[in-house]
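Summary of structural features
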Amino acid sequence: GSPTQWSLAEALTEMEPGAAGTMLYPSGVAAISCSLLAVLNPGDEILLTDSSYDPSRSFADAFLKRMGITARYYDPMIGADITGLFGPKTKAVLMESPGSLTFEIQDVPAICKAARAASIVTLLDNTWATSRFFPALEHGVDIAITAATKYIVGHSDVMMGAVTTHSSYWTRLRRTAQQLGQVVSPDDAYLAGRGLRTLDVRLRQHEASALKVAHWLKGRPEVGRVFHPALPDCPGHEIWKRDFKGSSGLFSFELSDGDDKSRAAFIDALSLFGIGYSWGGFESLALPVDPGKFRSATEWIDKGPLVRLNIGLEDPEDLIADLAKGFEHYHSAQP
Ligand SMILES: *Cc1c(COP(=O)(O)O)cnc(C)c1O
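What comes next concerns the included structure. Starting from 1, residues in each chain are numbered consecutively following that chain's sequence as written. In keeping with the model being predicted, local features are shown solely for residues with a pLDDT of at least 70 and side-chain atom pairs are shown and tallied solely at 80 or more, while totals for entire chains, interfaces and linings include all residues. To obtain the side-chain values, all non-hydrogen atoms of the structure were included, while hydrogens and water were left out.

1. As for the pattern of salt bridges
- Here a salt bridge means any side-chain nitrogen of Lys or Arg lying within 4 Å of a carboxyl oxygen belonging to Asp or Glu. Scanning all chains against the criterion turns up 17 salt bridges.
- The residue R295 makes a salt bridge to E104 at a minimum N-O spacing of 3.4 Å. Taken as a pair, R295 in the loop between β11 (285-289) and β12 (306-310) and E104 in the loop between β4 (90-96) and α4 (108-117) lie far apart in primary sequence, 191 residues in all.
- Residue classification places R295 among the buried residues on the basis of a relative accessible area of 15%.
- Any residue under 20% of the maximum accessible area for its type is buried, any over 50% is exposed, and the rest in between are partly exposed; the area is computed with a 1.4 Å probe on protein chains only. On the accessibility criterion, E104 (5% relative accessible area) is buried.
- As a salt-bridge pair, D243 and R242 come within 2.7 Å of each other at their nearest N and O atoms.
- A network of salt bridges, in which partner residues are shared, links D107, R242 and D243. A run of DSSP states H or I qualifies as a helix once it reaches four residues; a run of E qualifies as a strand once it reaches two. Both are numbered from the N-terminal end.

2. Structural notes on the site of the ligand
- By convention in these notes, a residue is near a molecule or strand provided one of its non-hydrogen atoms lies within 4 Å of it. Near the ligand lie 14 residues; those nearest to it are G28, V29, D125, T149 and K150.
- With respect to the ligand, the backbone of G28 contributes an N or O atom lying 2.7 Å from an oxygen atom.
- Between the ligand and D125, the relevant distance is 2.6 Å, taken from a nitrogen atom to a side-chain nitrogen or oxygen of the residue.
- Relative to its unbound accessible surface of 380 Å², the ligand loses 92% to contact with the protein.
- Here a cavity denotes a set of grid points, spaced 1 Å apart and computed over the protein atoms alone, in which a 1.4 Å probe fits but from which it cannot get out, and a pocket denotes an open set meeting protein on both sides within 12 Å along at least five of seven lines; residues with an atom within 4 Å of a point are reported as lining. In this scheme, a molecule is assigned to a cavity or pocket if more than half of its atoms are within 2 Å of the grid points. Of all the cavities here, the one that holds the ligand is the largest pocket.
- Broken down by element, the residue count for the shell around the ligand peaks at three residues, all from helix α2 (residues 28-39).
- Taken together, the residues of the shell around the ligand sort by class into six nonpolar, five polar and three charged. We define a polar contact as two N or O atoms separated by no more than 3.5 Å, with the added condition that, inside protein, one atom must be a possible hydrogen donor and the other a possible acceptor, whereas residues neighbouring each other in sequence contribute only through side-chain atom pairs. Calculation of accessible area relied on Shrake-Rupley with a 1.4 Å probe; when residues are assessed, cover is drawn exclusively from the protein chains displayed. Put simply, Ala, Val, Leu, Ile, Met, Phe, Trp, Tyr, Cys and Pro go in the nonpolar bin, Asp, Glu, Lys and Arg in the charged bin, and everything else, Gly too, in the polar bin.

See below:
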């Protein structure tokens, strides 16, 4: 470490009231896998939300399984009923709210309360909201994980992960990161620290622009459900209103009468939206997503193909005009 990494870690710790410290990792995926390795032992069981980020699922199903750790999945809308899934081997719950691709908002405080009563550690992938819109530790989470690659860095030029926790898990988290040789370079830490200085204004702009685009999409005849936590179509919308201080720039929507071909025509016609798996930067992105492939505890009923949008910092009116052009191409390609 050096003062550059420490100052970034300290700033992230200060943003999570109740935190003892923050560890930095070279990617969000590294932050997730290293926090799980810090709290799990062979023979343990972990519960993960069925709406998990796909690489989290694959780490649990492949790597953790080899270590003799079993993974079970739960319905993201389970709330306090998660108690019914706890067994003698259950040691951790990995939440993500909103869920990747489908954006269900979970009752994080209820899940954490149930887990704490059973001495089970709770981890939350808080990448979408960041501590700015959802201070995780205040809501009962033990270990808050952020892919800083997204909103903290904010300019799509550095990959980084950050994990913030309170005193009970801090030593274990820190030791595991050191044992696994997890470090970030001072140059990357410098850029992430600079990104952090504008996090608040960027998030507020992402929020306003994404809401504008989401409401416009909701009024389009081609669009079915819009999965944006601030809109009532989104499962858990009421919980979002209760717990969150804002909404960010990533959401998805359904093309009601489309198929894979017309969805591709829609996305290919966009000129301001790139195609990208990562997100959270200044640049808008569109991605075809098929959440049904990554479910095991719940069924995802597609009423039409889904598109995930990252709303960047462009003028939202320009983005809307671009999407309107996309719909023209969508109609010509429709079955
Ligand atoms: C992108 C992402 C990650 C992983 O971040 P990387 O820095 O790309 O490894 C983790 N969780 C969620 C929800 C993400 O969207």
